[in-house]
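Listed below, chain by chain, are the residues.
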Amino acid sequence: MNTPTLQTPNFISHSPVKCITFFSHNYNLTNKRYSYSPPHRLILPRKNYWRCEAAKSPRQPSSKKPDPNYDKGVDPVGFLAKFNISDKPFAQFLRDRHKLLKDLKDEILKRHMNFSQMVTGYQILGMHRNVHHRVDYMEWAPGARYCAIVGDFNGWSPTENSAREGHFGHDDYGYWFIILEDKLREGEEPDEVYFQQYNYVDDYDKGDSGVTVDELFKKANDEYWEPGEDRFFNSRYEVASKLYEQIFGPNGPQTEEELEEIPDAQTRYNAWKEEHKDDPPSDFPSYDVIDSGKVYDVFNIVGDPVSREKFRKKKPPLPYWLESRKGRKAWLKKYIPGIPHGSKYRVYFNTPSGPIERVPAWATYVIPDADGNQAYAVHWEPSPECAYSWKHVHPKAPKALRIYECHVGISGQEPKVASFNDFIEDVLPHIKEAGYNAIQLFGVVEHKDYFTLGYRVTNLYAVSSRYGTPDDFKRLVDEAHGLGLLVFLDIVHSYSAADEMVGLSLFDGSNDCYFHTGKRGHHKYWGTRMFKYGDLDVLHFLLSNLNWWVEEYHIDGFHFHSLSSMMYTHNGFASFTGDMEEYYNQYVDKDALLYLILANEILHVLHPNIITIAEDATNYPGLCEPTSQGGLGFDYFVNVSSSEMWLWLLENVPDHEWSMSKIVKTLMGNKQTASKMLQYAENHNQSISGGQSFAEILFGQIMQQPSESKELLLRGCSLHKMIRLITYTCAGRAYLNFMGNEFGHPDRVEFPMAGNAFSFSFANRHWDLLTNGVHHQLFTFDKDMMNLDDNERVLSRGVSQIHHVDDNTKVISYLRGPLLFIFNFHPSNSYERYSVGVEEAGEYQVILNTDEKLYGGEGLIGHDKYLQKTIGKRVDGLRNCLEVSLPRRTAQVYKLTRILRK
């Protein structure tokens with residue numbers, strides 16, 4: 001038998017282990033049957049030691065030697081030298097945080113065998129089918145005194161399916177265990193063998209061949225035992241009685257008083273050997289017993305090498321054991337599921353405050369608002385022939401991300417909630433055509449109130465039922481992968497909905513097991529609940545949730561929403577002045593930081609290709625630095641300042657007063673972190689419920705001033721393209737665009753709510769605008785902008801070299817690789833021979849021009865001027881220059897096509 005092995009990596013300060021699972025098969029001498037013992041696990045140390053880190057980056061040399069007490073290869077303050085941060089209190093904070101992390105890991109490993117087990121809680125919590133024709137349910141509710149499952153399958157009875165004595169029931173950590181037995185069909189009898197397994201998933205296996213268990217055991221015994229070997233097993237006393245007769249004779253003593261003094265073992269053995277020296281040869285193994293004569297010595301048994309080798313080669317008849325398992329056909333014939341697929345259910349608790357019913361915390365399919373009635377979970381266990389089967393593998397992660405942010409519900413053109421299937425048919429092909437390589441979904445995790453966009457999550461393990469079933473969502477992810485698109489999930493672990501009947505608030509009735517109590521347990525402004533990140537069971541729940549989305553739905557990455565809400569007890573609503581003290585004062589939640597470090601470490605070790613994105617408005621130091629160097633371990637961070645800057649300029653500043661210096665400074669951010677930056681001109685936040693999209697700001701005035709519509713349309717179209725192009729190419733290795741904004745969707749996003757009489761008029765996307773007009777032209781430009789990265793690898797190149805920023809002429813120019821970008825933001829001034837510096841002498845070709853008529857421009861630059869030769873004149877601190885035409889509100893991208901050597 002080949003022993004299955006699982007290599008389970010352990011993390012910093014702990015050795016990785018090899019976990020070996022083996023099965024014990026014991027033969028019962030009374031009934032000649034093999035019995036089965038549960039699997040055992042061995043923890044074996046390995047010589048190799050793993051160090052978990054999200055990314056590797058070379059450290060800058062530091063004059064200060066690292067503390068020898070820290071783990072090898074780990075420097076809790078390693079990234080400070082890279083960023084030239086010399087704040088000693090912050091360095092001490094990082095060291096203290098590292099010690100707390102080590103202590104936390106030690107505590108976790110006291111409860112869990114390893115970290116892989118710690119993040120797979122979904123394998124045992126919630127509803128799970130057991131091979132012994134039953135469904136097991138486990139829930140964490142430390143404040144409850146009684147637990148039961150109620151649903152339409154048992155008439156909502158709080159007593160029929162409860163945690164009972166003898167069925168584990170309730171442990172010291174507050175976990176409840178309930179068994180829902182499958183029901184025997186009429187006329188069927190229970191199995192005689194207690195360990196009889198039924199494979200609910202496979203449609204057919206050998207167990208459905210009609211061979212009985214007794215016949216299988218007879219075959220197993222006949223194959224295992226050689227002739228004569230089992231003749232003493234018919235009676236358990238036969239061997240003992242024959243041995244007694246050999247020692248004392250047929251008329252030996254029957255009582256202890258009749259028993260005479262027994263000679264020593266060596267004397268008896270010698271006498272036995274002498275008596276049987278003339279016996280014919282036997283198939284039984286030959287053994288000699290040697291006694292050294294010492295009282296404390298154990299007899300040495302010298303066996304026959306041939307017999308010993310023959311015995312070692314014997315193997316249990318596993319093929320027959322496997323045949324004893326029965327498949328789905330046998331299961332359907334004999335059983336009715338104790339909780340059928342599609343059943344509605346809730347968990348019932350008896351608490352000190354009285355009985356309550358809750359939607360299970362680990363439920364995977366939830367109906368949050370059932371026509372005004374109480375929410376309930378749905379047992380999702382489709383038959384194998386109906387369950388979704390994956391077709392495509394994960395696409396390879398690109399070096400640069402072009403992310404298309406989507407909300408499934410508003411993705412349709414009709415005024416209704418669109419479904420996953422609608423999204424697959426109508427939106428996925430558009431995203432592929434548009435040239436993006438990843439989609440980011442928000443509002444997918446179950447939430448009660450639709451108007452909250454899905455950010456007030458109620459059930460972290462459930463796909464929102466508004467859009468379809470769990471299998472529908474699997475199909476969406478699978479089809480996206482088939483198109484070569486990565487799928488990211490906007491995950492909200494920074495807070496949770498305050499709903500009690502469907503969410504986690506006051507889950508067990510008597511205390512906030514998942515959240516802080518008092519003021520700290522409530523968000524100061526949003527009315528949401530704050531997780532208790534320092535609790536091991538809460539960590540178990542949240543970390544398992546991340547792993548669940550990857551394992552169950554093949555998610556490729558996570559966008560961690562609003563980290564500032566969780567990293568500070570003031571929820572990020574304090575005035576940040578830039579003082580380092582604000583990142584380690586009394587308002588910083590160390591437990592939340594430790595959770596983020598653990599989340600990144602575990603995700604990147606279990607799923608090396610996973611991508612994590614941090615959304616933090618406070619720019620916490622070390623967001624994307626390796627955890628081994630004191631960072632939080634994210635792959636990307638969002639530059640939220642860029643979008644805020646563009647919105648401020650469009651709404652409050654006249655065009656001729658725009659500051660080019662401020663634009664460049666905001667877009668560039670910190671050069672040391674530019675390679676990890678995700679940029680966007682606008683995401684969904686700008687146009688949600690009361691806000692305006694950039695297109696609404698730019699084009700909304702056209703209807704109010706029809707006499708000036710042509711000029712306003714040209715202005716809006718020009719700025720729309722330029723803002724996106726400079727945001728896309730100036731800095732960063734990732735870019736994001738919200739669904740519809742690429743073609744200038746004219747309306748804001750407003751979800752149905754009481755304030756708008758629950759109207760869907762703004763909760764959709766007008767895809768019909770793509771057919772012609774300015775929206776078609778803007779979409780054409782956006783496609784060519786995406787292709788610019790495909791063809792020239794713009795985003796994956798190094799940091800841009802900004803060499804020309806003029807607030808008077810409103811011109812910005814920078815180099816990125818072989819590409820030269822020139823922007824003229826002036827609202828009225830055009831330039832015929834504008835000098836812009838370049839380093840390499842040669843010929844430069846225009847490969848993208850925002851003023852093309854194809855893109856809704858005026859086409860003022862003729863194609864005969866697209867090829868420009870450098871002039872040997874030092875400009876902008878560079879050795880050569882180009883003299884180019886720059887119409888107002890236009891931008892051009894030049895590529896060096898030929899290098900001239902002197």
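Residues numbered from 1 in each chain as written. Predicted model: local features only at pLDDT ≥ 70, side-chain atom pairs only at ≥ 80, totals over all residues. Heavy atoms only, no water.

Visitor: Pulling in residues and values, what's your account of the overall build of the chain?
Guide: Check the secondary structure of the chain and you find 20 helices and 33 strands. The buried share of the chain, reckoned over its 902 residues, is 53%. Of the contacts made within the chain by residues no fewer than 6 positions apart, 71% connect residues no fewer than 24 positions apart. For the chain, the accessible surface area stands at approximately 42100 Å², while carbon and sulfur atoms represent 51% of it. (Helix = DSSP H or I, 4+ residues; strand = E, 2+ residues; numbered from the N terminus. Buried < 20%, exposed > 50% of the residue type's maximum accessible area, 1.4 Å probe, protein only. Contact = heavy atoms within 4.5 Å. Areas by Shrake-Rupley, 256 points an atom, 1.4 Å probe, with all protein chains shown as cover.)

Visitor: Lay out helix α13 (residues 536-553) in plain terms, naming residues and giving numbers.
Guide: Compared with an ideal rise of 1.5 Å per residue, which puts 18 residues at 26 Å, α13 spans 25 Å between its outermost C-alpha atoms and is within 8% of the ideal. A bend of about 25° at Asn-547 is the largest found in α13. Backbone nitrogen of Asp-537 and a side-chain oxygen of the N-cap are separated by 2.8 Å at the start of α13; the cap is Asp-535. Once α13 finishes, His-554 follows within two positions and takes phi at roughly 60°, a positive value. (Expected span 1.5 Å × (residues − 1). Bend = angle between axes of the 7 residues up to and from the residue. Polar contact = N/O pair within 3.5 Å; in protein donor to acceptor, adjacent residues only side chain to side chain.)

Visitor: Would you mind going over the nonpolar core in detail, with residue names and values included?
Guide: Residues Ile-439, Tyr-514, Trp-549, Phe-558, Tyr-595, Trp-646 and Trp-658 are the most contacted members of the largest nonpolar core, which totals 187 residues. Per-element accounting of this core gives the leading share, 11 residues, to α13. Excluding residues within four positions of it along the chain, Trp-549 makes contact with Val-445, Leu-460, Tyr-461, Ala-462, Val-463, Phe-473, Leu-489, Ile-491, His-554, Ile-555 and Phe-558. Leu-820, Ile-822, Val-838 and Tyr-866 belong to the second largest nonpolar core, which has 18 residues in total. (Core = buried A, V, L, I, M, F, W, Y, C linked by side-chain atoms within 4.5 Å.)

Visitor: With reference to specific residues and values, describe the pairing of strand β20 (residues 486-491).
Guide: Put simply, side chains in a regular strand alternate between the two faces of the sheet. Summarising burial for β20: 6 of the 6 residues are buried, a large majority. Residues of β20 alternate between two faces, with Leu-486, Phe-488 and Asp-490 on one and Val-487, Leu-489 and Ile-491 on the opposite face, all of them buried. As paired strands, strand β17 (residues 438-441) and β20 are joined by 4 bridges and run parallel to one another. By the bridge assignment, Gln-440 is partnered in β20 with Phe-488. Of the strand pairs in this sheet, β20 and strand β21 (residues 557-560) are connected by 4 bridges, and their pairing is parallel. By the bridge assignment, Phe-488 is partnered in β21 with Gly-557. Regarding the hand of the β-α-β motif, the stretch spanning β20, α13 and β21 is right-handed. (Pairing = 2+ DSSP bridges. Right-handed = clockwise from strand over helix to strand, strands pointing away.)

Visitor: How would you summarise the packing of aromatic side chains if you had to cite specific residues and measurements?
Guide: Counting across every chain of the model gives 50 aromatic pairs. Pairing Tyr-146 with Tyr-348 gives two aromatic rings, centres 6.2 Å apart and planes at 80°, and the pair type is edge-to-face. Of this pair, Tyr-146 sits in strand β6 (residues 146-151) while Tyr-348 sits in strand β12 (residues 344-351), and the two are 202 residues apart along the sequence. Among the residues examined, Tyr-348 registers a relative accessible area of 16% and is labelled buried. Aromatic side chains Tyr-461 and Phe-541 sit 5.3 Å apart centroid to centroid with 65° between the ring planes, which places their arrangement in the edge-to-face category. Of this pair, Tyr-461 sits in strand β19 (residues 457-463) while Phe-541 sits in helix α13, and the two are 80 residues apart along the sequence. The same class applies to Tyr-461 and to Phe-541, which are both buried. (Phe/Tyr/Trp six-rings, centres within 6.5 Å; stacked < 30°, edge-to-face > 60°.)

Visitor: Which residues make up the sheet that holds strand β28 (residues 819-824), and what are the values?
Guide: Spatially, 6 strands are ordered β26-β27-β28-β33-β30-β31 in an open sheet, and the strand pairing comes out antiparallel. Every interior strand has two partners, whereas the edge strands, β26 (801-806) and β31 (867-869), have only one. Between one strand and the next, the sheet's axes are offset by a mean angle of 20°, whatever the strand orientation. Note that strand β30 (residues 842-849) and strand β33 (residues 890-899) share 7 bridges and pair antiparallel. Within β33, the residue paired with Tyr-844 across the bridge is Leu-896. Strands β28, β30 and β33 of the sheet are contacted by helix α20 (residues 773-792), whose axis makes an angle of about 140° with β30. (Axes fitted to C-alpha atoms, helices over the stretch in contact; angles between N-to-C directions.)

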